[in-house]
2 protein chains.
Amino acid sequence: MSNSTPLPARLLIHPIIQALMAGVATPALAAAVSNAGGLGSLGIGASSLPEARQMIEQTRALTARPFNVNVLCHQPALRDAKRETAWLEHLKPLFLECGVDLPASLDEIYRSFIDNDEAFEMLLETRPAVVSFHFGLPAAEWIDALRDAGIYTLATATSLEEAGQIQERGIDAIVAQGIEAGGHRGIFDPDSVDEQLSTSVLVRLLARNFDLPIIAAGGIMDGQGISAALKLGAAAAQLGTAFILCPESAANQGYRTDLKSERAAVTRLTSTLSGRPARGIRNRFIDHAELATAIKPIAYPVAYDAAKQLNAAAAKLGNHEFAAHWAGQGAPMARELPAAQLVATLVREMSV
Amino acid sequence: MSNSTPLPARLLIHPIIQALMAGVATPALAAAVSNAGGLGSLGIGASSLPEARQMIEQTRALTARPFNVNVLCHQPALRDAKRETAWLEHLKPLFLECGVDLPASLDEIYRSFIDNDEAFEMLLETRPAVVSFHFGLPAAEWIDALRDAGIYTLATATSLEEAGQIQERGIDAIVAQGIEAGGHRGIFDPDSVDEQLSTSVLVRLLARNFDLPIIAAGGIMDGQGISAALKLGAAAAQLGTAFILCPESAANQGYRTDLKSERAAVTRLTSTLSGRPARGIRNRFIDHAELATAIKPIAYPVAYDAAKQLNAAAAKLGNHEFAAHWAGQGAPMARELPAAQLVATLVREMSV
């Protein structure tokens, strides 16, 4: 077949999905996108169970439309005390510059969904219209249970092989994430060889090879980009970086300033900030961390704990050079508009 | 502005340009594409002056339609005898495996167009409808002279900055080459930092920022891909890998077999084969050469001389593992069709 199956019309009026963006997407952002006829998303992978439940309830209070709740399905971290010590030693000059000591220890700050029974039960109970998986997949029984509860499921693929696993596991639709995407790359095994397919190549390959709806993700910033993705056979486009400057997002001033500056044109895919490959605006942290060619970045999300502790100390001094300012290659095209207005603009541009 | 300026209607009926592909594109291929209403191309960067002239004359004998002649505008090689020796030493096991000694010396096998007065004079004399530049630009006076002779000019950009130089130098249209493209990356300075923008991000950025016609190049394999590029604001799409399996191409049996196999799904952007970054199907040469992390690949096209001498010896033994089988990320979508039929198929797919 040439073009992918459409998404259910009940989920979205316009073929626009706001990407999860843990720490950036808020109930206000997700609800505004859904109210405007797109599909808003919340990322709860970085939240505690009570926080996640509250985010879902807040979003539901702000919209009667469907929205998506994203969970992270990474393999739990393989700790390596020696490598963690070496990694912290490498970061030491940055901690000292911020006037703080090295952390005495690091934590696995985010719990994977794959063995988080409480999170699974919470989703079954709160029943968001859509649940999406990133970094991998939960067990087939959980996916079956979510579907039996009337929840539509999405999962990210960065390759044909991952898309095959997604189809086999009974997921409803595939998010095709290209190498130009901002934030965390959804690759299941970050230690495997990555073909780094671009969004357009990946979408075209998946649309030709799978019957499931394909959602294009990566580098899409305007209605023309969405129209192009649909021509490639996508059922919808997922945009993340395009929504960061919305007033409803939780991006702080440092992040917004970076994204509005010329620096937005220079992004790096790096594992140094979190322990998994992710694309963000190049900064001093990345430059320094990438120098450690002899030390493999420590496991996700343990590395993220180190970077976040450093950034917390730096931010107190007004220094945003050590922050994770995730952004895709299309970042220079980001616009500062309220979410509803941005969705309306995207829809208008699609008919250009 | 949102969309790019169109290309002159006299140059092509369909928005399809066959990419240069030195060593693969033939007069028969270029003429077949032009006769089918696309724009065929010849790459003469690897040819002697008499050969180049003959290719142009042969193409002209086969078509009354316009075609494009591509020249390579790289900076002449900076030779480094010590590094060349180290590089050859690294390749030694492969030469020995093929039963030949290391080359006694290496040559700069391709002369850059930028100081090749005879090639410039030949173009002025033969007056192909279109001349395109890769790896950089010739002097403004030459570009002016070509334009005064009625020749339409194209140049490859991999970034906004290169596109700016192209516009400034008075070129007529910009080929936006994304990171997924097969063959040689057109980056002007291969030692500069490469943002590795995908085709869709680069096309969108250039269409928004320049008034010149933009030609999308990289990962486009079918009519849906061409339609998507036009939605992004491109005036046309340039396809290379899509034409390799045409019977009119000069690709040998080893290349065709590779491209039709599962190996086509695995490409690498490497400087090891030629001295400049280029994307090809992963093989034993690339795997071995990339191990030399302590040695920087030697200059283009001196490195190519080494790889070509090795491949010549290997090919005699029926071994194609050391060949440059250039291909883009979309390689698994390549089709084996006569060029005219392929162009007709692409056009039909554009209206799907």
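A short tour of the structure in this document, coming up. (Residues numbered from 1 in each chain as written. Chains lettered and ligands numbered in written order. Predicted model: local features only at pLDDT ≥ 70, side-chain atom pairs only at ≥ 80, totals over all residues. Heavy atoms only, no water.)

Helix and strand counts for chain A stand at twelve helices and eleven strands. Here chain A has a C-alpha radius of gyration of 19 Å; the compact-globule value for 352 residues is 20 Å, and the two agree. Its C-alpha atoms give chain A principal-axis dimensions of about 55 × 45 × 40 Å. Buried residues in chain A amount to 61% of all 352 residues. Looking at chain A alone, contacts between residues at least 24 apart form 69% of all its contacts between residues at least 6 apart. Total accessible area on chain A is roughly 13,000 Å²; 52% of this is exposed by carbon and sulfur atoms. Counting 29 positive and 37 negative side-chain charges, chain A places the averaged centre of each group 5 Å from the other. (Helix = DSSP H or I, 4+ residues; strand = E, 2+ residues; numbered from the N terminus. Rg over C-alpha atoms; globule rule 2.2 N^0.38 Å. Buried < 20%, exposed > 50% of the residue type's maximum accessible area, 1.4 Å probe, protein only. Contact = heavy atoms within 4.5 Å. Areas by Shrake-Rupley, 256 points an atom, 1.4 Å probe, with all protein chains shown as cover. Lys, Arg positive; Asp, Glu negative; His and termini not counted. Charge placed at Lys NZ, Arg CZ, Asp CG, Glu CD.)

A word on the side chain of R276 of chain B. All names here are of chain B. Tracing the backbone through its elements, the reader meets R276 in the loop between β10 (267–270) and β11 (278–281). In this structure R276 is buried but unpaired, with D189 as the nearest side chain of opposite charge at 6.5 Å. A polar atom in the side chain of R276 sits 2.6 Å from the backbone oxygen of I187. Those residues in contact with R276, other than ones at most four positions away along the chain, are H74, F135, H184, R185, I187, F188, P190, T270, S271 and Y300. (Salt bridge = Lys/Arg side-chain N within 4 Å of Asp/Glu carboxyl O. Polar contact = N/O pair within 3.5 Å; in protein donor to acceptor, adjacent residues only side chain to side chain.)

Residue and element names in this part refer to chain B. Taken together, the eight strands give an open sheet; going across it, the order is β1-β9-β8-β6-β5-β4-β3-β2, and neighbouring strands pair in parallel fashion. Each having just a single partner strand, β1 (16–18) and β2 (40–43) make up the two edges of the open sheet. Across the sheet, the mean angle separating the axes of adjacent strands is 25° when strand polarity is ignored. Where strand β3 (residues 67–72) and strand β4 (residues 130–134) come together, five bridges link them in parallel fashion. Along β4, the bridge assignment pairs N70 with S132. (Pairing = 2+ DSSP bridges. Axes fitted to C-alpha atoms, helices over the stretch in contact; angles between N-to-C directions.)

Turning our eyes to something else, we now look at the side chain of N319 of chain A. Residue and element names in this part refer to chain A. Structurally, the position occupied by N319 is in the loop between α11 (302–316) and α12 (339–350). For N319, a relative accessible area of 16% puts it in the buried group. One polar contact links the side chain of N319 to the main-chain amide nitrogen of E321, over a distance of 2.7 Å. Ignoring anything within four residues of it in the chain, the contact list for N319 reads E97, N311 and A314.

Further remarks concern the packing of helix α8 (residues 223–231) of chain A against helix α8 (residues 223–231) of chain B. Viewed as axis vectors pointing N to C, α8 of chain A and α8 of chain B meet at an angle of 170°, and their least axial separation amounts to 8 Å. Overall, the two elements α8 of chain A and α8 of chain B adopt an arrangement that is roughly antiparallel. Across from Q224, S227, A228 and K231 of chain A in α8 of chain A, the residues of α8 of chain B making contact are Q224, S227, A228 and K231 of chain B. (Parallel < 35°, antiparallel > 145°, perpendicular 65-115°, else oblique.)

Moving on, we come to the interface of chain A and chain B. The partner chain B presents 30 residues to the 30 residues of chain A that form the contact. A combined buried area of about 2,600 Å² lies between chain A and chain B, and 52% of that area is made up of carbon and sulfur atoms. If you look at where chain A meets chain B, you find six salt bridges. Between R204 of chain A and D222 of chain B there is a salt bridge whose closest N-O contact spans 2.8 Å. Along the contact surface separating chain A from chain B lie 18 residue pairs in polar contact (both at pLDDT 80 or more). Elements supplying a minimum of two residues to the side of chain A that touches chain B: α7 (199–209), α8 and β10 (267–270) of chain A. Of the residues contributing to the side of chain A that touches chain B, the split by class is eleven nonpolar, twelve polar and seven charged. (Buried area = accessible area lost by both parts, 1.4 Å probe. Nonpolar A, V, L, I, M, F, W, Y, C, P; charged D, E, K, R; others polar.)

On to the pattern of salt bridges, then. Proximity of charged atoms lets side chains of opposite charge pair with each other. According to the stated counting rule, one finds 30 salt bridges over all chains in the structure shown. Taken together, the shared-partner salt bridges connect R204 and R208 of chain A together with D222 of chain B into one network.

Superposing chain A onto chain B takes a rotation of 180° plus a shift of 0.0 Å along the axis, which leaves an RMSD of 0.0 Å. Expressed as an axis order, the relation between the two copies is that of a two-fold axis. Considering only C-alpha atoms, the part of chain A nearest the rotation axis is A228 of chain A, at 2.0 Å. Both copies contact each other with a shared surface, as 100% of the interface residues of chain A are interface residues in chain B too. (Least-squares fit on C-alpha atoms with pLDDT ≥ 70 in both.)

Residues and elements named next belong to chain A. Within strand β5 (residues 152–157), six of the six residues are buried, which leaves the element mostly enclosed by the surrounding structure. Neither face of β5 is open: one carries Y152, L154 and T156, the other T153, A155 and A157, and all of them are buried. Crossover strand β4 (residues 130–134) to β5 through helix α5 (residues 140–148) is right-handed. Across four bridges, the pairing between β5 and strand β6 (residues 173–177) is parallel. (Right-handed = clockwise from strand over helix to strand, strands pointing away.)

This part takes up the environment of A22 of chain B. Residue and element names in this part refer to chain B. Looking at where A22 falls in the secondary structure, it is placed in the loop between β1 and α1 (27–35). Distance from A22 to L42, taken between C-alpha atoms, is 7.0 Å for residues 20 residues apart in sequence. Excluding residues that lie within four positions of it along the chain, A22 makes contacts with G43 and A46.

A few words now on the environment of L310 of chain B. Residue and element names in this part refer to chain B. By secondary structure assignment, the location of L310 is in helix α11 (residues 302–316). Counting along the chain gives 216 residues from L310 to L94, while the straight-line C-alpha distance between them is 7.5 Å. Those residues in contact with L310 that sit more than four places away from it in its chain are L94, F95, C98, F285 and F322.

What follows is about the packing of helix α3 (residues 81–97) of chain B against α11 of chain B. Residue and element names in this part refer to chain B. α11 packs onto α3 with a crossing angle of 15° between their chain directions and a minimal axis gap of 11 Å. Our classification of the angle between α3 and α11 gives roughly parallel. Here α3 and α11 pass one another in a crossing that is right-handed. Packed against α3, whose contacting residues are E84, L88, L91, L94 and F95, the element α11 presents V302, A306, Q309 and L310 at the interface. (Left-handed = near helix turned anticlockwise from the far one by under 90°.)

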